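As a plain string of letters, each chain reads:
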Amino acid sequence: MTSRRPASPPKSASYAAECRARFGEESGVPRQVPEVPWLRQVLMRRTHRRYADRPVAEPLLRLLLAAAFSASSKSDFQQASVIRVEERARRDRLAALIPDMPWIGNAPVFLVFCGDARRLERLGELRGHKADNGNLEGFFNAAIDAALVLQTFILAAEMVDLGCCPISVIRNHPGAVAEILNLPDKVFPVAGLCVGYPATAGHISMRLPLEVTLHANHYDDSLLGEAVEAYDIRRGAQHSIPREQQRSPEIFGYAALYGWSEDKARQATQPEAQRFPTYLRRRGFSME
Ligand SMILES: Cc1cc2nc3c(=O)[nH]c(=O)nc-3n(C[C@H](O)[C@H](O)[C@H](O)COP(=O)(O)O)c2cc1C
């Protein structure tokens, strides 16, 4: 039997337009790299929160879930579970927890991606080798597996023109979510996911440049301040934050230059998902 190497994709000039859209600049744009349409699509990807009144075909949804569960898995433990919320009453109860995000109730499909540290314990019971999987490592592995399945689903869905929006705010209400979805101990929500055909084009959320997020050989954030200032300006030129959307002006006042970094620094002062640690401990995670 002869084995043939797949033909390498043709070289393209660059991904300049996509990199400009993603980073707001062309410096460091790779040149003479393979032409891969999927990479162009990933560079241009975006979250969608408004959906057309068009159902997602069942076989397609199953195919996307099969692709999603093809994600890498720590030690092949396969510690992710997805709950598809089809019953209107359950969906409405979830949506009612977060009234300022109506897309949770409106999206044609709603999935909840869970870290599942329980299944491995059940395997131990079935095989007669009981082991506790509620330590930090167990939690972490399950959370990562669920996140990888989530992102693989998103990228697969975007390839067939669907749009998605992850929903981590459900973790602000862990007890209610667990009750609505019958989550047993050691199964916890990582994020919900709205899925549907986008009703609008949406917009690309500019990312920090690789000079901030990619470190050569050793960690070095000594130039963070300058790089973030330049990023704020580029990002603001493409998508400025209106004065009325400045966060907590009663605490911080109004900023003349209100960029991404000011917005995120203000956002980070407001703790989120405060009930989640207690919930996890009650649900069997020692986190030791
Ligand atoms: C783990 C995770 C949780 C998120 N939770 C929410 C959420 O609760 N509500 C929401 O509207 N968007 C949520 N998002 C979407 C982010 O706001 C979005 O990815 C971010 O603004 C960057 O935009 P982009 O995906 O279009 O590049 C979440 C994204 C991730 C990865």
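Just above, that's the structure.
Residues numbered from 1 in each chain as written. Predicted model: local features only at pLDDT ≥ 70, side-chain atom pairs only at ≥ 80, totals over all residues. Heavy atoms only, no water.

Just give me the short version of the overall build of the protein chain, but keep the residues and values in it.
From N to C terminus, the protein chain includes 13 helices and 6 strands. Taking all 288 residues of the protein chain together, the buried fraction comes to 38%. Nonlocal contacts in the protein chain, meaning residues at least 24 apart in sequence, comprise 75% of its contacts between residues at least 6 apart. Counting only carbon and sulfur atoms, one obtains 54% of the accessible surface of the protein chain, whose full area is about 17,400 Å². Both charge centroids of the protein chain, one from 37 positive and one from 33 negative side chains, sit 5 Å from each other. (Helix = DSSP H or I, 4+ residues; strand = E, 2+ residues; numbered from the N terminus. Buried < 20%, exposed > 50% of the residue type's maximum accessible area, 1.4 Å probe, protein only. Contact = heavy atoms within 4.5 Å. Areas by Shrake-Rupley, 256 points an atom, 1.4 Å probe, with all protein chains shown as cover. Lys, Arg positive; Asp, Glu negative; His and termini not counted. Charge placed at Lys NZ, Arg CZ, Asp CG, Glu CD.)

Before we move on, can you summarise the packing of aromatic side chains with the specific residues and values?
Taken as a whole, this structure holds 7 aromatic pairs when the rule is applied. When the ring of Phe 139 is compared with that of Phe 188, the centres are 4.7 Å apart and the planes differ by 35 degrees; the resulting orientation is tilted. With Phe 139 in helix H7 (residues 136–159) and Phe 188 in strand E6 (residues 187–196), this pair connects stretches of sequence that are 49 residues apart. Each member of the pair, Phe 139 together with Phe 188, is buried. (Phe/Tyr/Trp six-rings, centres within 6.5 Å; stacked < 30°, edge-to-face > 60°.)

Kindly report on the environment of Tyr 254, identifying the contributing residues and their values.
Secondary-structure assignment places Tyr 254 in the loop between helix H11 (249–252) and helix H12 (260–268). Along the sequence, Tyr 254 and Glu 244 sit 10 residues apart, while their C-alpha atoms lie 9.1 Å from each other. Excluding anything up to four places from it in sequence, Tyr 254 contacts Arg 243, Gln 246, Pro 249 and Arg 266.

Give a detailed account of empty space enclosed by the protein, specifying residues and quantitative values.
Empty space among the atoms can be located by rolling a probe the size of a water molecule over them. Applying the stated rule across the entire model yields 1 cavity of 30 Å³ or more. The space that makes up the largest cavity amounts to roughly 40 Å³. Every residue along the wall of the largest cavity is listed here: Trp 38, Gln 41, Val 42, Leu 155, Glu 158 and Met 159. Mapped by element, the contributors of at least two residues to the lining of the largest cavity are helix H2 (37–43) and H7. Its residues assigned to classes, the lining of the largest cavity shows 4 nonpolar, 1 polar and 1 charged. (1 Å grid on protein atoms, 1.4 Å probe; cavity = no way out; pocket = protein on both sides within 12 Å on 5 of 7 lines; lining within 4 Å. Points joined across faces, edges and corners; volume = space filled by probe spheres on them. Nonpolar A, V, L, I, M, F, W, Y, C, P; charged D, E, K, R; others polar.)

Report on helix H4 (residues 88–97), specifying residues and quantitative values.
Those residues of H4 that sit buried are Arg 91, Leu 94 and Ala 95. Along the axis of H4, the buried positions cluster into a sector of 100 degrees, meaning they face one direction only. Opposite the packed face of H4, turned more than 90 degrees from it, sit the exposed residues Ala 89 and Ala 96. (Arc of directions from axis to C-beta.)

Please set out the environment of Val 160 residue by residue, giving values where relevant.
Within the element layout of this structure, Val 160 appears in the loop between H7 and strand E5 (163–167). For Val 160, a relative accessible area of 31% translates into the label partly exposed. Sequence separation of Val 160 and Leu 64 is 96 residues, and the distance between their C-alpha atoms is 9.3 Å. Once residues within four sequence positions are removed from consideration, Val 160 is found in contact with Leu 60, Leu 64 and Tyr 197.

Please set out the site of the ligand residue by residue, giving values where relevant.
Taken together, 13 residues surround the ligand, and among them Thr 47, Arg 49, Pro 166, Ser 168 and Arg 207 come closest. Between the ligand and Trp 103 there is a distance of 3.3 Å, counted from an oxygen atom to a side-chain nitrogen or oxygen. Arg 207 is positioned such that a nitrogen or oxygen atom in its side chain is 3.0 Å from an oxygen atom of the ligand. Considered on its own, the ligand offers 620 Å² of accessible surface; in the complex 68% of this is hidden by protein. For the shell around the ligand, the element with the highest residue contribution is E5, accounting for 3 residues. The residue makeup of the shell around the ligand, split by class, is 6 nonpolar, 3 polar and 4 charged. (Near = heavy atom within 4 Å. Polar contact = N/O pair within 3.5 Å; in protein donor to acceptor, adjacent residues only side chain to side chain.)

Describe the pairing of E6, and please don't skip the residues or the numbers.
Of all the 10 residues making up E6, 10 are buried; the element is thus mostly covered by neighbouring parts of the structure. Sheet topology note: the strand E4 (residues 109–116)/E6 ladder contains 8 bridges and is antiparallel. Across the sheet, residue Leu 111 finds its bridge partner in E6, namely Leu 193. (Pairing = 2+ DSSP bridges.)

Outline the layout of surface pockets, supporting the account with residue identities and numerical values.
Estimated volume of the second largest pocket: approximately 240 Å³. The wall of the second largest pocket is formed by 13 residues, among which Asp 232, Ile 233, Leu 257, Tyr 258 and Gly 259 lie closest to the centre. When residues of the lining of the second largest pocket are traced back to their parent elements, those giving at least two are helix H10 (224–238) and H12. Per-element accounting of the lining of the second largest pocket gives the leading share, 4 residues, to H10. Of the residues in the lining of the second largest pocket, the class split is 5 nonpolar, 5 polar and 3 charged.

So what's going on with unusual backbone geometry? Residues and values would help.
The backbone of Asn 182 sits at a positive phi, close to 55 degrees, despite the residue not being glycine. Tracing the backbone through its elements, the reader meets Asn 182 in the loop between helix H8 (174–181) and E6. Phi is positive for Asn 217, close to 70 degrees, though the residue is something other than glycine. You can see Asn 217 is positioned in the loop between helix H9 (210–213) and H10.

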